[in-house]
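So the chains spell out like this:
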Amino acid sequence: MLDISEIRQIEFDVLVIGAGGAGLCAAITATKESKKVGLVCKSLLGKAHTVMAEGGMAASLGNVDKRDHWKIHFRDTVRGGKMLNVWRMAELHARHAADRVIELEQRGAVFDRTKEGLINQRNFGGHRYPRLAHVGDRTGLEMIRTLQDYGIHQGIDIHMECTALDILKDENGKIAGVVCMYRDTGEFIIFKTKSLILATGGGGKAWEITSNSWEYTGDGYAMAYEAGAELMDLEFNQFHPTGMVWPPSVRGILVTEGVRGEGGILKNSEGTRFMFDYIPEKFKNETADTEEEAARWLAGDKDARRPPELLTRDVVARAINAEVKAGRGSIHGGAYLDIATQRSAEDIKKKLPSMYHQFKVLAELDITKEPMEVGPTCHYFMGGIRVEADTTMSTVDGLFACGECAAGMHGANRLGGNSLSDLLVFGDLAGVGASNYAKQLGAVPKFNEEDAKKIIRNATSILNRDEGENPYLLHEELQNNMQNNVGIIRTDTELQKGIQNIENLKEKNKNVKANGSSQFNPGWHEALAMRNLLITSEAVARAAYMREESRGAHTRDDFPTESEEWCQYNIITKKGEDGNMQVIKEKRKEPNAELFRIANATLEDLEAEVAEERKSQL
Amino acid sequence: MGNRKFKIYRGDNTKGELVDYNCDVTEGMVVLDAMHRIQADDANDMACRWNCKAGKCGSCSVEINGRPKLACMTRMNEYSPDETIMITPLKAFPIIKDTVTDVSWNYKQNLKIKPFSPAQNKNNTEKGLVMQQVDVERTQHFRKCIECYLCQNVCHVIRDQDAKEKFVGPRFMIRLASLEMHPMDDADRIPAIKEDHGSGMCNITRCCTEVCPEDIQITDDGIIPLKERVVDRYFDPVTMLYRKLFKK
Ligand SMILES: Cc1cc2nc3c(=O)[nH]c(=O)nc-3n(C[C@H](O)[C@H](O)[C@H](O)COP(=O)(O)OP(=O)(O)OC[C@H]3O[C@@H](n4cnc5c(N)ncnc54)[C@H](O)[C@@H]3O)c2cc1C
Ligand code: SF4
Ligand code: SF4
Ligand code: FES
């Protein structure tokens, strides 16, 4: 019989799961407030998703356009989020992003510079001004390496290639720890902790065409769900408009929005610059309506409006989808993204070096000469673990969440560049929140040993079974299902079918089997991730089925418009008493009046207000 | 492109062998795709590392037909159709399993390096550091490093077990260079570069530069300038000789 005392245990004040931008920031801040801080991640340090981010991080530094201000960043964010953002989160983010970016520079990040020698900023979809601090098109690498190189000197106890399996609580329902497994040896370990921060990122690996890596199996959502926490807004899955479409083996790999930020244009097979036909009513006043005006904008004319290629991601993704459906797609079923005719070869190589390299090697295509073929790819989860804005605590005492795995900040659609800055701002807040919670707690709560045993037994039974389902094939089946039935355009019947398929897969997964030993066994790791993928997918599909409107990244063919009524509600998913998933339509809080005013002000009024404010401060 | 033959190392540090696999290869596939296909169909428990599949994270380093490479950026059509493709783990580090090696030694080297220490002067302002693009370009060039450790793998100093403890290796020499050449860094690492980080161990063979997937000029732009800075303060025979032969 399994004896828990034989399993190694380590005790922390604050334990962080996930070493992307959010987790590293949280751990670093926690060391300033707490004595014993731990950090656990599935991959090697420095390899988390954050490393792949390309375009930049959004902050109203105002280095390129002095008119920028947190209020305008806030307005852009909530308009991009179709007003479904948690207002306070969008406010905290817009207010603090600039300070956090400057802090990152003090920790060693070397951003591209303006002529004045300050941090340079580039244009991105949905942002009124050039706002993204960046390093070429490898901003995520700069961010994660900076945090890693700084973080290792802050006394954090780091456990790499260690997978968290499930959360432990004490008899009063307080967080008490987490059961983990070292991937190299297969050894189990129990981390006891006063507070736990989840920074595990998203779940995009549930789809077939995705920009996400093997790590994105929704572990954080599933662990939080199993621990009784509420998930929110899971129906909002961002499909990035520009993933690679050819060759097939690289389908889904991201092409940064920076290409459009630097002037790239989208064309269909007839050579038409089709985005002019897809400008939503709400954005008509702020978007160029002729190619001539768009060209002036690119040349730097501050009075010209932004080209329609820089509309928010949901709009561009749907437009490409519609063009392909109408028979005007590129050879391999995407759209043409052309930077070659817009910028010099030298500029392209300088501003977008990794895109140049990526296409050269993977598609044998020279982007300084030819257009790229692009199409939508699953990219980001706006929804996630429901948290309290200022502390980032979930609905379970002692459980915190930040970064992509937390919900609320981005509403129904995220603006490009707002994720990296989200990681900095809310990672930091999580570090403070979790430390404060740990301090008032006294001793580490005593975890329930039976629960720990059950978690370990469930994990090992996958290896011990005589025969069963191949986890890789189950995963492929799920990906097919999500791609076809819970994809970018959704309908009642397909969603129902999708949910039914997930139910069937849940049954099959009860008998999943991994061959081989427990040492570095990807088949076993894949099987362990299946439960998490299934919980995540089910929450997505059920929430998508409930939300009878189209808003931001959630598009229902059978309910094609935004509904005033639905804007009042979030969809919450949580584990019911009976063990089944509960899906709840919950009324949102009334927005703060001042924030509501800013969000709904016209751009001209808000710019005038900000200018006035600045004058009076002088 | 048809069915292709592979030989992949299966085993750990003490014992293992090259195992034969076959895999159908389609247009555009990279070696990592083939490894994944083999894993899903025939070898569920075959260990391999990867994350980004686009040359950005440096996880998938292996040796392909004896050459250190990123599996995700190596196209199958680089090899002739009848060529058997052999995939083995990096040689400089202990094998954990199959193509996965224990690279923790590298993380220990990084810990020895004094981190960025921002100068507190008039260029450290409320709006951040004031630095010109031309002055940060060198540092940015080094910061492209994705920590794939391919350079570490080919450096003969690191392959030699005894010398390994005395030299941080090319990856960390360029990390040191990126800090030393940061216009707003205040720390002095020259004594440590000579004593603790072992700059004198490198004899400028340039093997590291040749394999770097990020095209970082590790030796010429990073290590040699650091060696020169050391020489300017101390005496180092290799660099003196190099200077005599090639430069001044
Ligand atoms: C190709 C690409 C380009 C992007 N470009 C941009 C951009 O330009 N700007 C922008 O703002 N955003 C961008 N994004 C989005 C952004 O990069 C991510 O949303 C963000 O990095 C997520 O950070 P995170 O810290 O929340 O999680 P991640 O960086 O994904 O880290 C998750 C961590 O959790 C760990 N983890 C997960 N599950 C477990 C478990 N069970 N046990 C232990 N550890 C676990 C992982 O190992 C990892 O360390 C991009 C995303 C992609 C994929
Ligand atoms: S040049 Fe120096 S660091 Fe590079 S491989 Fe040769 S000895 Fe090693
Ligand atoms: S310097 Fe180049 S080869 Fe060495 S670890 Fe960095 S990216 Fe890899
Ligand atoms: S998988 Fe990231 S570099 Fe190959």
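Structure first, text after, so check above.
Residues numbered from 1 in each chain as written. Chains lettered and ligands numbered in written order. Predicted model: local features only at pLDDT ≥ 70, side-chain atom pairs only at ≥ 80, totals over all residues. Heavy atoms only, no water.

Visitor: Help me understand the packing of helix H13 (residues 471-485) of chain A against helix H14 (residues 492-509) of chain A in this model?
Guide: Packed helices, taken two at a time, are described by their axes: the angle between them and the distance between them. Residue and element names in this part refer to chain A. At a minimum axis distance of 9 Å, the contact between H13 and H14 shows a crossing angle of 170°. Accordingly, the angle class assigned to the pair H13 and H14 is roughly antiparallel. For the pair H13 and H14, the contacting residues are Leu 474, Glu 477, Leu 478, Asn 481, Met 482, Asn 484 and Asn 485 in the first and Glu 494, Leu 495, Lys 497, Gly 498, Asn 501, Ile 502, Leu 505, Lys 508 and Asn 509 in the second. Grouping the constituent residues of the contact of H13 with H14 by class yields six nonpolar, six polar and four charged. (Axes fitted to C-alpha atoms, helices over the stretch in contact; angles between N-to-C directions. Helix = DSSP H or I, 4+ residues; strand = E, 2+ residues; numbered from the N terminus. Parallel < 35°, antiparallel > 145°, perpendicular 65-115°, else oblique. Contact = heavy atoms within 4.5 Å. Nonpolar A, V, L, I, M, F, W, Y, C, P; charged D, E, K, R; others polar.)

Visitor: Before we go on, may I ask you to explain the pattern of salt bridges in this structure?
Guide: A side chain with one charge may pair with a side chain of the opposite charge, provided their charged atoms come close. Residues and elements named next belong to chain A. In the structure shown here, the tally under the stated rule is 80 salt bridges over all chains. Note that Lys 42 is salt-bridged to Asp 219, the shortest N-O span being 2.9 Å. One end of the pair, Lys 42, is in the loop between strand E2 (37-40) and strand E3 (57-58); the other, Asp 219, is in helix H5 (residues 219-226), and 177 residues separate them in sequence. Pair check on accessibility: Lys 42 and Asp 219 agree, each one buried. The partner of Arg 95 in a salt bridge is Glu 91, and the shortest N-O contact between them spans 2.9 Å. On the criterion of helical spacing, the pair formed by Arg 95 and Glu 91 is a turn pair, its members being four residues apart in helix H3 (residues 87-106). Exposure remark for Arg 95: the relative accessible area of 41% places this residue in the partly exposed category. The class of Glu 91 is buried, set by a relative accessible area of 9%. (Salt bridge = Lys/Arg side-chain N within 4 Å of Asp/Glu carboxyl O. Buried < 20%, exposed > 50% of the residue type's maximum accessible area, 1.4 Å probe, protein only.)

Visitor: Would you mind going over unusual backbone geometry with me for this structure?
Guide: Trans peptide bonds make up most of the peptide bonds, and negative phi angles are found at most residues other than glycine. A cis amide bond links A:Trp246 to the next residue, A:Pro247, at an omega of -5°. Its location among the elements puts A:Pro247 in the loop between strand E11 (237-244) and helix H6 (258-261). Although it is not a glycine, A:Glu364 adopts a positive phi angle of roughly 50°. Counting through the fold element by element, A:Glu364 comes out in the loop between helix H10 (353-363) and strand E14 (372-381). A relative accessible area of 53% places A:Glu364 in the exposed class. Located in the positive-phi region is B:Asp215, a residue other than glycine, with phi close to 55°.

Visitor: What am I meant to see in the packing of H13(A) against helix H15 (residues 522-546) of chain A here?
Guide: All names here are of chain A. The N-to-C vectors of H13 and H15 enclose an angle of 25°; their axes lie 9 Å apart at closest approach. By the angle class used here, H13 and H15 are roughly parallel. Of the two possible hands of crossing, H13 and H15 adopt the one that is left-handed. Across from Pro 471, Tyr 472, Leu 474, His 475, Leu 478 and Met 482 in H13, the residues of H15 making contact are Pro 522, Gly 523, Glu 526, Ala 527, Met 530, Leu 533, Leu 534, Ser 537 and Val 540. Within the contact of H13 with H15, the residues separate by chemical class into eleven nonpolar, three polar and one charged. (Left-handed = near helix turned anticlockwise from the far one by under 90°.)

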